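A structural walkthrough
Residue-level listing of the chains:
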Amino acid sequence: MRGIPWCIIRRMNPLTTTSGRVSVRGKLMATLFVAQVCGSTGQSIGMAVGSIVAASITGTNTWSGLPIAVGALGTALASWPLARLMARSGRRPGLALGYGLAVIGALLTMAGVGVRSFSLLLGGMALFGIASTSNLLARYAAADVTAPAQRGRAMGLIVWGSTIGSIIGPNLMAPALRLGALL
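Residues numbered from 1 in each chain as written. Predicted model: local features only at pLDDT ≥ 70, side-chain atom pairs only at ≥ 80, totals over all residues. Heavy atoms only, no water.

Buried within helix α5 (residues 118–128) are the following residues: Phe 118, Leu 121, Leu 122, Gly 124, Met 125 and Phe 128. Projected down its long axis, α5 shows its buried positions confined to an angular sector of 165 degrees, all on one face. Looking at the buried positions of α5, the neighbouring elements they touch are α2 (24–58), α3 (66–89), α4 (91–115) and α6 (130–144). (Buried < 20%, exposed > 50% of the residue type's maximum accessible area, 1.4 Å probe, protein only. Helix = DSSP H or I, 4+ residues; strand = E, 2+ residues; numbered from the N terminus. Arc of directions from axis to C-beta. Contact = heavy atoms within 4.5 Å.)

What follows is the structure, encoded as structure tokens:
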């Protein structure tokens with residue numbers, strides 16, 4: 001890259017510093033991207049499995065849509081409080097709380113499956129739905145750490161991470177079912 005003016009190099013790779021090291025912003029964007037991929041992967045497979053498990057626990061397909069609805073309700077109900085927390089304390093505490101509650105929801109959901117409790121499954125799915133809220137709010141976290149001219153690109157990167165996770169999730173269904181059967 002000898003002979004290329006620094007300002008052009010900087011525009012080619014805005015995630016590096018003058019020393020060539022990844023900037024703090026670059027690390028934050030990478031963290032948000034990985035969290036987005038993982039969150040979307042979990043959401044896509046979790047919602048699909050939730051319906052299958054609901055039909056298995058209840059013995060009918062009548063209630064198989066309820067876990068998805070309860071997960072969406074959890075997403076909706078968590079959006080305002082998490083956004084308010086982020087406005088007061090910053091994006092990091094809000095995202096950490098949202099993803100943390102989603103992990104607790106996943107554990108409750110697994111416990112509900114283990115003991116074949118439909119109500120525990122639904123409670124877990126409500127908390128698990130908060131992962132979707134965190135995934136949506138992560139886009140604004142990416143915009144916050146980015147220069148105004150690059151905000152659309154930063155948000156697009158996070159949306160792309162969500163797309164990747166949505167593709168990976170359903171492809172993990174067969175291995176997840178095999179692992180579940182072993183456990």
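Turning our eyes to something else, we now look at the packing of α4 against α5. Angle between the axes and distance between the axes: these two values describe a pair of packed helices. At a minimum axis distance of 7 Å, the contact between α4 and α5 shows a crossing angle of 160 degrees. It follows that α4 is roughly antiparallel to α5 by the angle criterion. Where α4 crosses over α5, the handedness of that crossing is left-handed. Where α4 approaches α5, its residues Leu 101, Ala 102, Ile 104, Gly 105, Ala 106, Leu 108, Thr 109, Ala 111, Gly 112, Val 113 and Val 115 are matched on the opposing element by Leu 120, Leu 121, Gly 124, Met 125, Leu 127 and Phe 128. Of the residues assigned to the contact of α4 with α5, the class counts are 13 nonpolar, 4 polar and no charged. (Axes fitted to C-alpha atoms, helices over the stretch in contact; angles between N-to-C directions. Parallel < 35°, antiparallel > 145°, perpendicular 65-115°, else oblique. Left-handed = near helix turned anticlockwise from the far one by under 90°. Nonpolar A, V, L, I, M, F, W, Y, C, P; charged D, E, K, R; others polar.)

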